Amino acid sequence: MPKLLATFLVTMLALALGAAPALAHGHGHGRAHYRHAKQASDYAYVATIDCGRGDVTVYSDEDLYAPLVDLEHHRTYLPIAWDVEVGGQTVLQDEKPNVAKGLKKLAKKCSYTDGVATGTVTVLGPLPGVPN
């Protein structure tokens, strides 16, 4: 039961985060507003992750904890920890602060490569949908 509750809370958090930008832009003022989903060229980085079910190409923005977006399957992964190296040298070992222990238990450790850096990224997800 606790795992089901935590899954529900993660899904609700993702939905709330996705709805916030729409609310902030004043949608619903009598005329239709359409937002186009981002394309691969709109993202700063492209990488490949494998969370145990095969390689997935993901795209992300500049922020270290920006969502990793799988445009092909319309899924989003939320990174909570990184451990990557370049040329055998560790360049990043970081964990997102203030992540609840219950959510950490649901996280998956995935292999990560972007053509330069390799290592692991710990993610929540995949969550359905792609952020606008």
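Owing to the predicted nature of the structure, the values given are computational and were not obtained by experimental measurement. (Residues numbered from 1 in each chain as written. Predicted model: local features only at pLDDT ≥ 70, side-chain atom pairs only at ≥ 80, totals over all residues. Heavy atoms only, no water.)

J.: Help me out: how do you make sense of the pattern of salt bridges in this one?
T.: Proximity of charged atoms lets side chains of opposite charge pair with each other. Scanning the entire structure with this criterion turns up 3 salt bridges. Aspartate 70 serves as the salt-bridge partner of arginine 75, at 3.3 Å between the closest nitrogen and oxygen. Given the relative accessible area of 26%, arginine 75 is considered partly exposed. When the shortest N-O distance is used, the salt bridge between glutamate 95 and lysine 104 registers 2.6 Å. With relative accessibility at 45%, the residue glutamate 95 sits in the partly exposed group. According to the relative accessible area criterion, lysine 104 is partly exposed, its value standing at 34%. (Salt bridge = Lys/Arg side-chain N within 4 Å of Asp/Glu carboxyl O. Buried < 20%, exposed > 50% of the residue type's maximum accessible area, 1.4 Å probe, protein only.)

J.: Would you take a moment to explain the packing of aromatic side chains for this structure?
T.: Note on aromatic pairs: each is described by the distance of the centres and the angle between the planes. For the structure on display, the rule yields 2 aromatic pairs. Ring centres 5.0 Å apart and planes at 90 degrees place the aromatic pair tryptophan 82 and tyrosine 112 in the edge-to-face group. With tryptophan 82 in strand S4 (residues 75–86) and tyrosine 112 in strand S6 (residues 108–113), this residue pair connects regions lying 30 residues apart in the sequence. Taken as a pair, tryptophan 82 and tyrosine 112 share a single burial class, namely buried. (Phe/Tyr/Trp six-rings, centres within 6.5 Å; stacked < 30°, edge-to-face > 60°. Helix = DSSP H or I, 4+ residues; strand = E, 2+ residues; numbered from the N terminus.)

J.: Even after reading the chapter, I still don't get a nonpolar patch on the surface, so can you show me in this structure?
T.: On the surface, a nonpolar cluster with roughly 250 Å² of combined accessible area is contributed by Val86, Val91 and Val116. Counting through the fold element by element, valine 86 comes out in strand S4. (Patch = residues over 30% accessible without salt bridge, like charges linked within 9 Å, V, L, I, M, F, W, Y side chains within 5 Å. Areas by Shrake-Rupley, 256 points an atom, 1.4 Å probe, with all protein chains shown as cover.)

J.: I'm lost on the layout of surface pockets in this one. Help?
T.: The calculated volume of the second largest pocket comes to roughly 270 Å³. Around the second largest pocket, the lining comprises 18 residues; the ones closest to its centre are Tyr45, Ser60, Leu64, Trp82 and Tyr112. In terms of residue count, strand S1 (residues 45–50) provides more of the lining of the second largest pocket than any other element does, 3 residues in total. The residue makeup of the lining of the second largest pocket, split by class, is 13 nonpolar, 1 polar and 4 charged. (1 Å grid on protein atoms, 1.4 Å probe; cavity = no way out; pocket = protein on both sides within 12 Å on 5 of 7 lines; lining within 4 Å. Points joined across faces, edges and corners; volume = space filled by probe spheres on them. Nonpolar A, V, L, I, M, F, W, Y, C, P; charged D, E, K, R; others polar.)

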